[in-house]
Amino acid sequence: MTPTSPHAADVFSQLRVSVSRELDTDGVGALLDDLVARGWRPWQLRHRVGTLPTQPTSVQDAEIIVAYLRQLLEEPSPQAKYDEERARRARDRDDAARHAPVPAGPEDRERWIAVIRTGLKGRPRVVVPAPMRVRPDCALCQGESDFFVRRDVHLCARCVDLLAAGAVTAEAETGS
């Protein structure tokens, strides 16, 4: 005998054989197919049917099981509950994003920081930029110097090479 629903063997596999034979009808097969179409999974149905109390006869067991399965048609499936909960959370997340406070713009932020700073005690810290270091001019070519010779004489690398080669001579200054 073949089951009337492809899910019947999975849902009723834990039951006694005599109860399974009582449930092997077109009406029960259609009921199972309808439950699965509404989002119930066969293992969820098997678990719920397996927790039902045992009756003295297999006919009474089958009647209790069919009544319970019809009752499940009235309830939303766990998948439907999950989908509804997920949709509710998405709506809540969208509502929270819509009603979230907007961060202040840069000019408002600077204005409020200035207000807060005026209320602080102590001297305001003035940030002085580091002095720009400029190398003095080369004593021979007026380019940027690389080497210090003495306080008033600085030379660039090119002029040092020329002095070393003897192409240029340094004149001695005579102080009067």
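Details of the structure are given in the entry above.
Residues numbered from 1 in each chain as written. Predicted model: local features only at pLDDT ≥ 70, side-chain atom pairs only at ≥ 80, totals over all residues. Heavy atoms only, no water.

**Student:** Explain the environment of Thr-57 to me, using residue names and the numbers behind them.
**Tutor:** As for its placement among the helices and strands, Thr-57 is situated in the loop between helix H4 (42–50) and helix H5 (58–74). Residue Thr-57 is classed as partly exposed on the basis of its relative accessible area of 37%. C-alpha of Thr-57 to C-alpha of Ser-18: the two residues are 39 residues apart in sequence and 9.2 Å apart in space. A polar contact of 3.2 Å, which involves the side chain of Thr-57, links it to the backbone nitrogen of Gln-60. (Helix = DSSP H or I, 4+ residues; strand = E, 2+ residues; numbered from the N terminus. Buried < 20%, exposed > 50% of the residue type's maximum accessible area, 1.4 Å probe, protein only. Polar contact = N/O pair within 3.5 Å; in protein donor to acceptor, adjacent residues only side chain to side chain.)

**Student:** Tell me about the state of the cysteines, and please be specific about residues and values.
**Tutor:** Overall, the coordinates contain 0 disulfides when judged by the stated rule. The cysteine Cys-141 is free of any disulfide, with Cys-156 supplying the nearest cysteine sulfur at 3.6 Å. What makes Cys-141 partly exposed here is its relative accessible area of 31%. Distance from the sulfur of Cys-159, which forms no disulfide, to the nearest cysteine sulfur (Cys-156) is 3.5 Å. (Disulfide = S-S within 2.5 Å.)

**Student:** Can you explain the packing of H4 against H5? Please cite residues and give values.
**Tutor:** In a packed pair of helices, the relevant descriptors are the angle between the two axes and the axis-to-axis distance. Where H4 contacts H5, the axes come no closer than 11 Å and their chain directions differ by 130°. As judged from the angle between their axes, H4 and H5 are oblique. Considering the relative orientation of H4 and H5, their crossing is right-handed. Contacts between H4 and H5 involve Leu-45, Arg-48 and Val-49 from the former and Ile-65, Tyr-68, Leu-69 and Leu-72 from the latter. For the contact of H4 with H5, the residue count by class is 6 nonpolar, no polar and 1 charged. (Axes fitted to C-alpha atoms, helices over the stretch in contact; angles between N-to-C directions. Parallel < 35°, antiparallel > 145°, perpendicular 65-115°, else oblique. Left-handed = near helix turned anticlockwise from the far one by under 90°. Contact = heavy atoms within 4.5 Å. Nonpolar A, V, L, I, M, F, W, Y, C, P; charged D, E, K, R; others polar.)

**Student:** Tell me about H5, residues and numbers included.
**Tutor:** With 17 residues, H5 should cover 24 Å at 1.5 Å per step; its first-to-last C-alpha distance of 25 Å lies within 8% of that length. Looking at H5, one finds that the buried residues are Ser-58, Asp-61, Ala-62, Ile-65, Val-66, Tyr-68, Leu-69 and Leu-72. Projected onto a plane normal to the axis of H5, the buried residues spread over an arc of 165° and lie on a single side. Turned more than 90 degrees from where H5 packs its buried face, Glu-63, Arg-70 and Glu-74 sit exposed. Where H5 is buried, its residues meet helix H2 (17–23), helix H3 (26–37) and H4. (Expected span 1.5 Å × (residues − 1). Arc of directions from axis to C-beta.)

**Student:** Go over the packing of H3 against H5, please, and point to the residues and values.
**Tutor:** One way to put it is that H3 packs onto H5 with a least axis distance of 10 Å and a crossing angle of 30°. It follows from the interaxial angle that H3 and H5 lie roughly parallel. In this structure, H3 crosses over H5, and the sense of that crossing is left-handed. Residue-level inspection shows Val-28, Leu-31, Leu-32, Asp-34 and Leu-35 of H3 in contact with H5, the latter providing Val-66, Leu-69, Arg-70, Leu-72 and Leu-73. Residues that form the contact of H3 with H5 fall into these classes: 8 nonpolar, no polar and 2 charged.

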